[in-house]
Amino acid sequence: MYDIVIVGGGTAGLSAAIYGVRAGKKVLILEKKNYGGQIINSPEVENYPGIPHISGYEFATGLYRQATGLGAEFSLEEALRIEDGKDKKVVFTAENRYETASVILATGARNRPLGLEGEREFIGAGISYCATCDGAFFRGRETAVVGGGNTALEDAMFLAGYCKKVYVIHRREQFRGERALLETLRAKDNVEFVLNVVVEELKGEKQLEGVVLRDVVTGRRFEKRLDGLFVAIGQMPDNDAFAELVETDEKGYIRAAEDCRTGVDGIFTAGDCRTKAVRQLTTAAADGAVAGLAACEYAARTDAAPAND
Ligand code: NDP
């Protein structure tokens, strides 16, 4: 029997685990892919207080080692279902069932697709959602990044180091991404901004060969030849498995305020998977602390309560 089972081993989940184990609780983290969550693919993190410069991989690895070094258990399994019993909760994976006093849902978010015909088929054949993972395959080639947030700008910066040409395709002229990043990118010779356009079609047989773009101001459609297209248009939550257990909003984010409580006793949520205004590394870590401490307090109360046979 665990005190806390954490679903998701990203920044929020690992931070929650640190608080749990340091409070003497038995903590298990279930992660379906890899520790670290989204930040692991960020080449540079320069806005985490107290750490002027670190790679996402280094940051995530440090967090993982800290949590497991303190005693949190980590298992690469997908949590498929949670049963909310009277005295305990049960988390089911394909192979196992884990009994626990409390649960923290820290499932993060996954990349949003463009939703174009053929997009799935071109994954690994010209379309990617992770520049740091796949950028090196496009050395000396012509690529584009779609999006105007920090991910898109960071991806373009990363690709500019490998590619002959990098287009930044964005649907308007203003960027959500940081101004400093934008200015550095603007100074690069092999980066070109294609603004006020949307991607309407993907061209190619087995391998992506180009895209059809539409200028949203003039309505003009035109083709651009490309070897690779990196999609960085934000994230969406991955909470389908728990949508009947906790309340979610119309986009699928788990409804919770800054106290990270879901409205279901003993089930907490942390990080990008919950409703919130700012999704950053710092807010994910902060959520981890809040949810971790709330789960500790809940588990201690459950411990003290007489068994209900
Ligand atoms: P964002 O939500 O910040 O940006 C998504 C971008 O994609 C927007 O420019 C948006 O356009 C565009 N977009 C959305 N949907 C579509 C669509 N269907 N077609 C075309 N364009 C679309 O997502 P990010 O992944 O960039 O960032 C998520 C969060 O993570 C942010 O808070 C960001 O600051 C943070 N982050 C922090 C990093 C760091 O600290 N080092 C690194 C990377 C991300 P529009 O602007 O018009 O809505």
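Please refer to the structure placed before this passage.
Residues numbered from 1 in each chain as written. Predicted model: local features only at pLDDT ≥ 70, side-chain atom pairs only at ≥ 80, totals over all residues. Heavy atoms only, no water.

Caption draft 1: Summary view of the packing of aromatic side chains. Applying the stated criterion across every chain, the model contains eight aromatic pairs. Centroid distance F268 to Y298: 6.2 Å. Interplanar angle 70°. Geometry classified as edge-to-face. Of this pair, F268 sits in strand β17 (residues 267-269) while Y298 sits in helix α6 (residues 281-304); the two residues are 30 residues apart in sequence, bridging distant segments of the chain. Here Y298 falls in the buried class, since its relative accessible area comes to 11%. Chaining the aromatic ring pairs together yields one cluster made of Y35, Y64 and F74. R81 extends its terminal NZ or CZ atom over the ring of F92, reaching a point 4.1 Å from the ring centre. Between R220 and the ring centre of F222, over which it is positioned, the NZ or CZ distance is 4.3 Å. (Phe/Tyr/Trp six-rings, centres within 6.5 Å; stacked < 30°, edge-to-face > 60°. Helix = DSSP H or I, 4+ residues; strand = E, 2+ residues; numbered from the N terminus. Buried < 20%, exposed > 50% of the residue type's maximum accessible area, 1.4 Å probe, protein only. Lys NZ or Arg CZ within 6 Å of the ring centre and 35° of its normal.)

Caption draft 2: Looking closely at the state of the cysteines. Counting across every chain of the model gives one disulfide. Between the sulfur atoms of C130 and its disulfide partner C133 the distance amounts to 2.0 Å. Taking the sign of the S-S torsion, about 75° here, the bridge from C130 to C133 comes out right-handed. Residue classification places C133 among the partly exposed residues on the basis of a relative accessible area of 42%. C260 provides the cysteine sulfur closest to C273, a residue in no disulfide bond, and the two sulfurs are 9.0 Å apart. Overall, the relative accessible area of 0% leaves C273 in the buried class. No disulfide involves C296; its sulfur sits 13 Å from that of C260, the nearest cysteine. Under the relative-accessibility criterion, C296 is labelled buried at 7%. (Disulfide = S-S within 2.5 Å.)

Caption draft 3: Seen up close, the sheet that holds strand β12 (residues 197-203). The antiparallel open sheet is built from three strands, whose spatial order is β12-β13-β14. Edge positions in the open sheet fall to β12 and β14 (221-225), since each of these has one partner strand only. If you compare each strand with its neighbour and ignore which way they point, the axes differ by 30° on average. Judged from the five bridges that link them, strand β13 (residues 210-215) and β14 form a sheet pairing that is antiparallel. Across the sheet, the residue bridging to R214 is R221, located in β14. (Pairing = 2+ DSSP bridges. Axes fitted to C-alpha atoms, helices over the stretch in contact; angles between N-to-C directions.)

Caption draft 4: View of the site of the ligand. Around the ligand, the structure places 19 residues, and the nearest of them are N47, T151, R172, R176 and Q280. At a separation of 3.1 Å, an oxygen atom of the ligand approaches a polar backbone atom of R279. Notes on the ligand: free accessible area 920 Å², of which the protein chains cover 79%. The biggest single contributor to the shell around the ligand is helix α4 (residues 150-160), with three residues. Of the residues that constitute the shell around the ligand, the class distribution is two nonpolar, eleven polar and six charged. (Near = heavy atom within 4 Å. Polar contact = N/O pair within 3.5 Å; in protein donor to acceptor, adjacent residues only side chain to side chain. Areas by Shrake-Rupley, 256 points an atom, 1.4 Å probe, with all protein chains shown as cover. Nonpolar A, V, L, I, M, F, W, Y, C, P; charged D, E, K, R; others polar.)

Caption draft 5: Up close: the sheet that holds strand β10 (residues 165-170). Spatially, β8-β15-β9-β10-β11 is the arrangement adopted by the five strands of the open sheet, whose pairing is parallel. The sheet is open, and its two borders are formed by β8 (127-128) and β11 (191-195), each paired with just one other strand. The pairing of β8 with strand β15 (residues 228-231) spans two bridges and is classified as parallel. Bridged to I127 within β15 is L229.

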